[in-house]
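A closer look at the structure
Each chain is listed here by its residues.
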There are 2 protein chains.
Amino acid sequence: MVGASKPASNALFLEDLQVGQRFSSGFHRIDEAQIKAFAAQFDPQPFHLDGEVAKATLFSGLVASGWHTAAITMKLLVESGLPLSGGIIGSGGEISWPKPTRPGDTLSVVSEIEEVTPSRSRPDRGMIRVRSETRNQRGETVQVLIAKLVVPRRTTAALAT
Amino acid sequence: MVGASKPASNALFLEDLQVGQRFSSGFHRIDEAQIKAFAAQFDPQPFHLDGEVAKATLFSGLVASGWHTAAITMKLLVESGLPLSGGIIGSGGEISWPKPTRPGDTLSVVSEIEEVTPSRSRPDRGMIRVRSETRNQRGETVQVLIAKLVVPRRTTAALAT
């Protein structure tokens, strides 16, 4: 029983989750230096690296790599946006970027549980589908992520310890 | 006409792409320090941060954040794996991680064009769907990304300059 009470009191097991449940994350402000540093390492394209050059591109100015928006979204989910027992472990999902993230934007994530499915073969866990919308300070959605996550079940976690 | 000859000679326009065409990227070796640095910034969970703690988790050892694998995949695509004129500009896609990336893995990406669709409303561009498999040094697939990308058309690019 010690194991069952070990996770933080707000960490949720599969039994605690239901379709329609919503969670809100904290905030992350992104600036030009962060955008350029991420891009230099992982997405070295002119519209992520150089504001002047970026003006003449499709984006009409410096924008963050979509993968940078995804990484910040993950940080927000891990730190505050999705308090799952066992952490946030995803097998994949769908991602889209309806609008670019720009320097000075403050991002936050609203997540909604879309599906909860106990595993048939593994009684200690289940899968959930979560829709996470990353929004800027104007309420515009810059990323939609629909992720499939593995979540442990409380009952078996307690029995196993 | 100067504009039309400006992109690198290997940069491809929509007219150069066809279903079934394949591209291979260079290589990126990931180590423990990279995994921990990315995780500390964007995915601070024990199985990405601490090899000892990670042994007791679902992963049985330190693994890279899936978003780190995605970011390295993007770097490989931009630097060598997908020589598109105008760069790699995605509106979204599907992503999955069939296996984790571990310290010491050397990743590379094989991409295949799955669909080429000229835009009806914008004669200067089109969309392609590309399947990019990120593989480790044992040939195991650690990520599958099916992305929708915007690609400029040569004809109109030349006319516009």
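Look up a bit, the structure's there.
The present account deals with the structure reproduced in this document. (Residues numbered from 1 in each chain as written. Chains lettered and ligands numbered in written order. Predicted model: local features only at pLDDT ≥ 70, side-chain atom pairs only at ≥ 80, totals over all residues. Heavy atoms only, no water.)

Moving on: the packing of aromatic side chains. A full pass over the atoms with the stated rule returns 8 aromatic pairs over all chains. An aromatic cluster is defined as three or more aromatic residues linked by ring pairs; in this entry it consists of A:Phe38, A:Phe42, B:Phe38 and B:Phe42. (Phe/Tyr/Trp six-rings, centres within 6.5 Å; stacked < 30°, edge-to-face > 60°.)

For the rest of this paragraph, the subject is the relation of the copies chain B and chain A. It takes a turn of 180° to lay chain B on chain A, together with a shift of 0.0 Å along the axis; the resulting RMSD is 0.0 Å. Here the two chains are linked by the operation of a two-fold rotation axis. Among all residues of chain B, the one whose C-alpha sits closest to the rotation axis is B:Glu94, at a distance of 2.2 Å. When the interface residues of chain B are mapped onto chain A, 100% of them are again interface residues, pointing to one common binding face. (Least-squares fit on C-alpha atoms with pLDDT ≥ 70 in both. Contact = heavy atoms within 4.5 Å.)

Take the nonpolar core next. One finds A:Trp67, A:Ile128, B:Trp67 and B:Ile128 to be the most contacted residues of the largest nonpolar core, which totals 64 residues. Sequence-distant contacts of A:Trp67, that is, excluding residues within four places in its chain, are made with A:Phe38, A:Asp43, A:Trp97, B:Trp67, B:Ala70, B:Met74, B:Ile95 and B:Leu145. (Core = buried A, V, L, I, M, F, W, Y, C linked by side-chain atoms within 4.5 Å. Buried < 20%, exposed > 50% of the residue type's maximum accessible area, 1.4 Å probe, protein only.)

Right, let's get into the pairing of strand 5 (residues 125–135) of chain B. All names here are of chain B. Here strand 4 (residues 106–118) runs beside strand 5; their pairing, made up of 10 bridges, is antiparallel. Paired with Ser 111 across the bridge in strand 5 is Ser 132. Turn length for the strand 4-strand 5 hairpin, with the two strands adjacent in sequence and antiparallel, is 6 residues. Sheet topology note: the strand 5/strand 6 (residues 141–152) ladder contains 11 bridges and is antiparallel. The partner of Arg 129 across the bridge, within strand 6, is Lys 148. Linking strand 5 back to strand 6 in an antiparallel pair, the connection comprises 5 residues, with Gly 139 at a positive phi of about 80°. (Pairing = 2+ DSSP bridges. Helix = DSSP H or I, 4+ residues; strand = E, 2+ residues; numbered from the N terminus.)

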